[in-house]
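Fold and geometry: a report
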Amino acid sequence: MVNKFKHLKSNWAIFGVIFALSLFLVLPQLLNHSLVLGGDSLFHFNRIYDTYMQFKTGNYSYFQSNYGFQQSGRVVNALYGPGMAYLLGSSLLVLQSWIKFEVVTSFFIFFVSGYSMYFLSRELNSTKKISLLTASLFMGSFYVTRWSIDQNFMTWGVMLMPLIVLIGIKMIKNNAQDLKILSLTLIVSLMIQIHLLSALMSIGVLAVFFIIGFIQTNQKLQLFLKCLFASLLSLLLTFNVWGSMLDIFTTNKLYTTFAHVNMSSSTMNLSTANYSPSQIGLVMSLIFILQIVLLFSKWYEISLANKTVTILGIFFLILTSSLVPWNRLAVLIPPLQNFLQFPFRFDSFATVLLLAGFGATISTISLPGAIKNGELFLIIGSIFILGQSYIDIQHQNEIWNSDSPVAYKGSIVFSNHPNKKQIKRAFISNDLSKGLILAKKIAPDYLPNNNSKKIDFHNDTYIKDVIMHQSNVMKTVTGEGNLNLKWVAAKKGEKISLPVVLYSNSEITLNGKKLNMHDIKLSSLSSPTVKSTQKGINTLTLGYHSKIITKASLTTVILAWIISILAAITLTFKKYKKEIN
């Protein structure tokens, strides 16, 4: 009974600290009663609003954006973190406020990030106190704060990266006896449903752990079969992601995300200043350097798991730095400019790996005063990191109450030149669409490219084809998830350009008659111009038909997730009960 009490008391203390730090980091937004409209805010608000409205109305469309993105019918969520988009849409349905949404999701990210790093550090045999300190540092690190500062979606992937490394460590410890198929499946599948770049990095990290584990274990077949079964189950749980990519990418020519040509300008290097998109910062730089020095000076005392973690961390640290000739690589491999864009994204895994490795090193090496001095150093480092994070988040939230409440105005088109009061009133309205109608985000991601030649995306094209023609038509969504566009023609045969985009699998009917895509005049963005077939009211219905992603396949994926999650909860509860007893 005494041991049970100590166990529960210890867990509650850890929970309390992580909870308090999460609350501390969202305090600026609570005190300022503010909304952060950063660089990626409006893009993701449109994605999330679309799924929110699907839940609210019951009019579901997996591919088309019938509510977000100016009701243009463009495909975004099916190709960009679809599972997470629907989870966030359901949370918005509960919260009914953009400000509450930002506060709650930011708190959630900080809280889960703290716990995931704590679990990783404990898996590497760090002491509880040091594990809690590494968790604190991670919660205040550069990428974990990016969602609070500008709604950078990669933060959702970074939040789970410690769990990816934890699973990898289980591959190389105890002959992989502790590696569970379901745990590996769920964490990788969840990452794929959240953020594809984070998922690809994670799979690369796991591949390294698998190779090392496979070489050193005497139960090679068991490890191979565990990973094989996990991979097959993950394919099922993420069928909606890769199935959608097959459906869209193999039948359409699309615009990609914007190309970041000068990639070398977006590297991060060791520094003595505060952390920023170009500097790792003094605290993390010291931790990284100390861990690398300790790795080679105490090589024979450091575990295989810690060695693997640290060497991988060094690899990611090099990738995120200016040591790599990124501009030359971008010329040789042009897709890097669109898909990776910013090399500082590799800092995410570098931080996870080297921070966890440092905690494990000072917890286990035979160096006089290592634990005591290490704890003191991490406490001071945590104060600095969390302090800077608070100041950065506070600064970003102060913008809301300034003369210009939108923190980042790049690629945004405002309706009717609104003043600050009109902007704030729109975004705090009970009608969550008002802010998105007032401030329209223009982004090329996954828009169809109907140009015969390779031509870069221009904002003016989207404004001309989609935004300028909004007032000419009335849009409604049907119970089948199709988009109806109605307009009044002065005469039969009158031409009209419609503010939607078409894909090869789009299906359109005009006044009940199905139209052939080849018979429609399309703009460079595949916006259609059609002839009104009657005088007066005309109705065009836009839908999307996929031969790969069907209602049956989506239902199968959802059921697979429900069964897997229930199984994981049951097994976790049994394990916890066994540990307590």
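Position labels on residues start from 1 in each chain and follow its written sequence. Only residues with pLDDT of at least 70 are given local features in this predicted model, and only at 80 or more are side-chain atom pairs given and counted; all residues enter the totals for whole chains, interfaces and linings. The basis for every side-chain value is the complete set of non-hydrogen atoms in the structure, without hydrogens or water.

**Some remarks on the overall build of the protein chain**
- Assigned secondary structure in the protein chain consists of 22 helices and 10 strands.
- Based on C-alpha atoms, the radius of gyration is set beside the globule rule, defined as 2.2 Å times the residue count to the power 0.38. Taken over C-alpha atoms, the radius of gyration comes to 26 Å for the protein chain, in line with the 25 Å a tight globule of 581 residues would show.
- Here the C-alpha coordinates of the protein chain stretch approximately 90 × 55 × 55 Å along the principal axes.
- Across the 581 residues that make up the protein chain, the buried fraction comes to 56%.
- Contacts: residue pairs with any heavy atoms within 4.5 Å of one another. Looking at the protein chain alone, contacts between residues at least 24 apart form 76% of all its contacts between residues at least 6 apart.
- Of the roughly 26000 Å² of accessible surface on the protein chain, a fraction of 65% belongs to carbon and sulfur atoms.
- The charge count treats Lys and Arg as positive and Asp and Glu as negative. His and the chain ends do not count. Positions of charges follow a simple convention, taking NZ of Lys, CZ of Arg, CG of Asp or CD of Glu. Counting 49 positive and 23 negative side-chain charges, the protein chain places the averaged centre of each group 4 Å from the other. Numbering goes from the N terminus for both helices and strands, where a helix is a DSSP run of H or I of at least four residues and a strand is a run of E of at least two. Type-normalised accessible area, obtained with a 1.4 Å probe on protein chains alone, sets the label of each residue: buried when under 20%, exposed when over 50%, and partly exposed for intermediate values. Accessibility throughout is a Shrake-Rupley quantity obtained with a 1.4 Å probe, and a residue counts as covered only by protein chains that appear here.

**Some points on the packing of aromatic side chains**
- What counts as a ring pair is set by centres within 6.5 Å for rings of Phe, Tyr and Trp (its six-membered ring), and what kind of pair is set by the plane angle: stacked under 30 degrees, edge-to-face over 60, tilted for all other angles. The tally for this structure, following the rule as stated, stands at 38 aromatic pairs.
- Centre to centre, the rings of Y49 and Y52 are 5.7 Å apart; their planes meet at 40 degrees, and the pair counts as tilted. Of this pair, Y49 and Y52 both sit in helix α2 (residues 41-57), three residues apart, which is roughly one turn of the helix.
- On the basis of relative accessibility, which here comes to 1%, the residue Y52 falls in the buried class.

**Some points on the pattern of salt bridges**
- Here a salt bridge means any side-chain nitrogen of Lys or Arg lying within 4 Å of a carboxyl oxygen belonging to Asp or Glu. Evaluated as defined, the whole model comprises six salt bridges.
- Across the pair E123 and K173 runs a salt bridge, and its minimum N-O distance is 3.5 Å. Of this pair, E123 sits in helix α4 (residues 98-123) while K173 sits in the loop between α8 (161-172) and α9 (181-194); the two residues are 50 residues apart in sequence, bridging distant segments of the chain.
- The class for E123 is buried, based on a relative accessible area of 16%.
- Residue K173 is classed as partly exposed on the basis of its relative accessible area, which comes to 22%.
- We note a salt bridge from E301 to K298, for which the minimum N-O separation is 3.8 Å.
- One continuous salt-bridge network, built from bridges that share partners, spans E123, K170 and K173.

**Notes on α4**
- For α4, built from 26 residues, the straight-helix expectation of 38 Å at 1.5 Å per residue is met to within 8% by its first-to-last C-alpha distance of 37 Å.
- Of all 26 residues in α4, 20 are buried, a share of seventy percent or more.
- Near the N-terminus of α4, the side chain that reaches the backbone nitrogen of I99, with its oxygen 3.3 Å away, is that of S97.
- Backbone geometry just downstream of α4 places N125 in the positive-phi region, at approximately 70 degrees. Expected helix span is computed as 1.5 Å times (number of residues minus one). Distance and chemistry together define a polar contact, namely a pair of N or O atoms within 3.5 Å, with one atom able to donate a hydrogen and the other to accept it when in protein, and with adjacent residues in sequence counting only for side-chain atoms on both sides.

**Regarding the sheet that holds strand β3 (residues 474-477)**
- Strand pairing is assigned whenever DSSP identifies at least 2 bridges connecting the two strands. Reading across the sheet, the five strands line up as β3-β4-β10-β6-β7 and stay open at both edges, with antiparallel pairing between neighbours. Two strands bound the open sheet, and with one partner strand each, they are β3 and β7 (513-515). Strand after strand, the sheet turns through a mean of 25 degrees between neighbouring axes, direction not considered.
- Examined bridge by bridge, strand β6 (residues 506-510) and β7 share three bridges and lie antiparallel to one another. Considered in β7, the bridge of T509 is made with K514. Here an angle of 0 to 180 degrees is reported between the N-to-C directions of two axes, which are lines fitted to C-alpha atoms, with helices fitted over the stretch in contact.

**Thoughts on helix α13 (residues 282-297)**
- The terminal C-alpha atoms of α13 lie 22 Å apart, and with 16 residues this matches the ideal 22 Å at 1.5 Å per residue to within 8%.
- When α13 is considered as a whole, its buried residues turn out to be V283, M284, S285, I287, F288, Q291, L294 and L295.
- The secondary structure elements touched by the buried residues of α13 are α5 (128-139), α14 (304-319), α17 (347-364) and α18 (370-398).

**Brief notes about the environment of S278**
- Its location among the elements puts S278 in the loop between α12 (239-249) and α13.
- A C-alpha to C-alpha distance of 5.7 Å links S278 and T267, two positions 11 residues apart in sequence.
- Not counting residues within four places of it along the chain, the set of residues in contact with S278 comprises T267, M268 and N269.

**Here we look at the pairing of strand β10 (residues 536-544)**
- Most of β10 is tucked away: seven of the nine residues are buried.
- Strand direction decides the pairing type here: strand β4 (residues 483-489) and β10, joined by seven bridges, are antiparallel. Of the residues in β10, the one forming a bridge with W487 is N538.
- Where β6 and β10 come together, five bridges link them in antiparallel fashion. When the sheet's bridge partners are listed, T509 is paired in β10 with T541.

**Some remarks on unusual backbone geometry**
- The phi dihedral of H33 falls on the positive side, at around 50 degrees, and the residue is not glycine.
- Along the chain, the position of H33 falls in the loop between α1 (2-32) and α2.
- Its identity is not glycine, yet Q341 carries a phi of approximately 65 degrees, on the positive side.
- Of note, Q341 is situated in the loop between α16 (335-339) and α17.
- For Q341, a relative accessible area of 6% translates into the label buried.

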